[in-house]
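If you want the building blocks of each chain, they are given just below.
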Amino acid sequence: MKRIEALEILAAATAALPVVVTCAATSRELAAVADRPNHLYLLDAMGLAGSVATGVALGLDRARPPAAPGAPASSGAPGPLKAVAIEGDGSLLMNPNVLPTGGFLAPRNLVMVLLDNGVYASTAGLPTYASRVDLGALAGASGWNVLRAAGPGELGEAFGRALELDGPAFLHVRIEPGNAPGVPRLLEDPVVIARRFRDWLAARAATSGETAGQVAS
Amino acid sequence: MTSPSGPAAGPAERQEPPPYAGAVARGVWDAGADLVGYVPSASVAPVIGALVAADGGADGASARVFPLSREEEAMGVLGALPLTGRFGAVVMQDNGFGNALTALTTFNAAYHLPLLVVANTRGGLGEYNSMIHTLCQHVPGLLERTGTRVFELDRRSSPDDWRAVVGEAGAHARMTFRPVVVLTHFWSTDGKGA
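Here's what I pulled together on the structure shown here. (Residues numbered from 1 in each chain as written. Chains lettered and ligands numbered in written order. Predicted model: local features only at pLDDT ≥ 70, side-chain atom pairs only at ≥ 80, totals over all residues. Heavy atoms only, no water.)

Section: the overall build of chain B
Now for step 1: Per the secondary structure count, chain B includes eight helices and six strands.
Now for step 2: The N-to-C order of helical and strand elements in chain B reads α-α-β-α-β-α-β-α-β-α-α-β-α-β.
Now for step 3: Here chain B has a C-alpha radius of gyration of 15 Å; the compact-globule value for 194 residues is 16 Å, and the two agree.
Now for step 4: When the backbone C-alpha atoms are referred to their principal axes, chain B occupies close to 40 × 40 × 30 Å.
Now for step 5: Evaluated residue by residue, chain B yields a buried proportion of 58% over its 194 residues.
Now for step 6: Sequence-distant contacts, at least 24 apart, represent 79% of the contacts inside chain B between residues at least 6 apart.
Now for step 7: Here chain B has roughly 7000 Å² of accessible surface; of this, 53% comes from carbon and sulfur atoms.
Now for step 8: Placing the 14 positive and 18 negative side-chain charges of chain B at their respective mean positions leaves the two points 3 Å apart. (Helix = DSSP H or I, 4+ residues; strand = E, 2+ residues; numbered from the N terminus. Rg over C-alpha atoms; globule rule 2.2 N^0.38 Å. Buried < 20%, exposed > 50% of the residue type's maximum accessible area, 1.4 Å probe, protein only. Contact = heavy atoms within 4.5 Å. Areas by Shrake-Rupley, 256 points an atom, 1.4 Å probe, with all protein chains shown as cover. Lys, Arg positive; Asp, Glu negative; His and termini not counted. Charge placed at Lys NZ, Arg CZ, Asp CG, Glu CD.)

Pasting the structure below:
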């Protein structure tokens, strides 16, 4: 499965969810598949997608701020809107701390999809550690619920299951190396990206009643 | 950047914090922080203890106060809160800006996301570590060069002033839609300077 094929499946499944996506080729390809206001493209800040998605998840969970260590994972009440991170293996390895942090804070509404091609595809295809280090196992050791997928059918089904889990979910997806040809650079002003994401999220919250919608001011 | 000691211990949280540390903690809440992340430091442990105690927690964590492993991660986690209509604060040590600068500039500043950062200073008066000044003495200049607004507090003003400045710095962050840093020099106050 190529990255852009995985992104087509994820885009179809996340039209109503906030999605934080890692920089460079992954952001470009997602924008090429569907450029929507529920996408927060990180144009740089490599390694930060998981941290930013963790913050979005915590911010959305107004009924239950981050639990103190040892607190139960579920109150039994309907959960808050899920926050989705789309991350790459090279980027995750720039900030693997996001995994133990997610396990410790245990946001119940965080889903990270790792598109693992074993290389820094935006950086000359140089290899990452992922050929020898199982990043899904690393997530599992950190306390995440880990699911795995290889082909398109598995991805759609596993992502659906990840959304149903209570607690941080990590979907490890093996994809082919390489970038989709002919995808233009993403040259939007990050302020515009943030504002449209924030406005979309506020409107989404207002219609769902899942979160408050006013921007901090 | 962590210092050898960890988060404040439970029993210490139940004691009244030193006035300057307590003032910083009250200022953070005055600033309207919904959530507070911290990177451990011995110098800010009393601040963290006061934040946790005020929020009903213990052992370095509460419903709204929690540890993070590194400063750039703190910028991402707490910096994302305004996207959801909330506001975050980070408590850390100033040598951690060496870790945080890329995140601070390419995320918080570039996306115009307000954030309050309160950092104790190292490498100045009262310092015992022979190398830490090589970064820390340049932190105000580094932050200014990145366009990050910095306010500094030291022994020359009262705990009440520290509280007011920290609280107003949060308002300044929201007003300017940018991260704002308060550098606290604990030397010759009632707090730990290094």
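Comments concerning the sheet that holds strand S8 (residues 169-174) of chain A
Residue and element names in this part refer to chain A.
Now for step 1: Taken together, the six strands give an open sheet; going across it, the order is S2-S1-S3-S4-S8-S7, and neighbouring strands pair in parallel fashion. In the strand order of this sheet, the two ends are held by strand S2 (39-41) and strand S7 (145-149), each with one partner. With direction set aside, neighbouring strand axes in the sheet form an average angle of 20°.
Now for step 2: Across three bridges, strand S1 (residues 19-21) lies against strand S3 (residues 83-88) in parallel orientation. Paired with Val 21 across the two strands is Ile 86, which belongs to S3.
Now for step 3: Across the sheet, helix H3 (residues 49-60) touches S1, S2, S3 and strand S4 (110-116), and the angle it forms with S3 is around 175°. (Pairing = 2+ DSSP bridges. Axes fitted to C-alpha atoms, helices over the stretch in contact; angles between N-to-C directions.)

Focus on the interface of chain A and chain B
Now for step 1: Counting residues at the interface gives 38 residues for chain A and 29 residues for chain B.
Now for step 2: Interface area, chain A with chain B, both sides summed: about 2700 Å², of which 68% is carbon and sulfur.
Now for step 3: At the surface where chain A touches chain B, the tally comes to six residue pairs in polar contact (both at pLDDT 80 or more).
Now for step 4: Sorting the residues of the side of chain A that touches chain B by element identifies S2, H3, helix H5 (98-105) and helix H8 (190-208) of chain A as the ones contributing at least two each.
Now for step 5: Among the elements that make up the side of chain A that touches chain B, the one with the highest residue count is H3 of chain A (eight residues). (Buried area = accessible area lost by both parts, 1.4 Å probe. Polar contact = N/O pair within 3.5 Å; in protein donor to acceptor, adjacent residues only side chain to side chain.)

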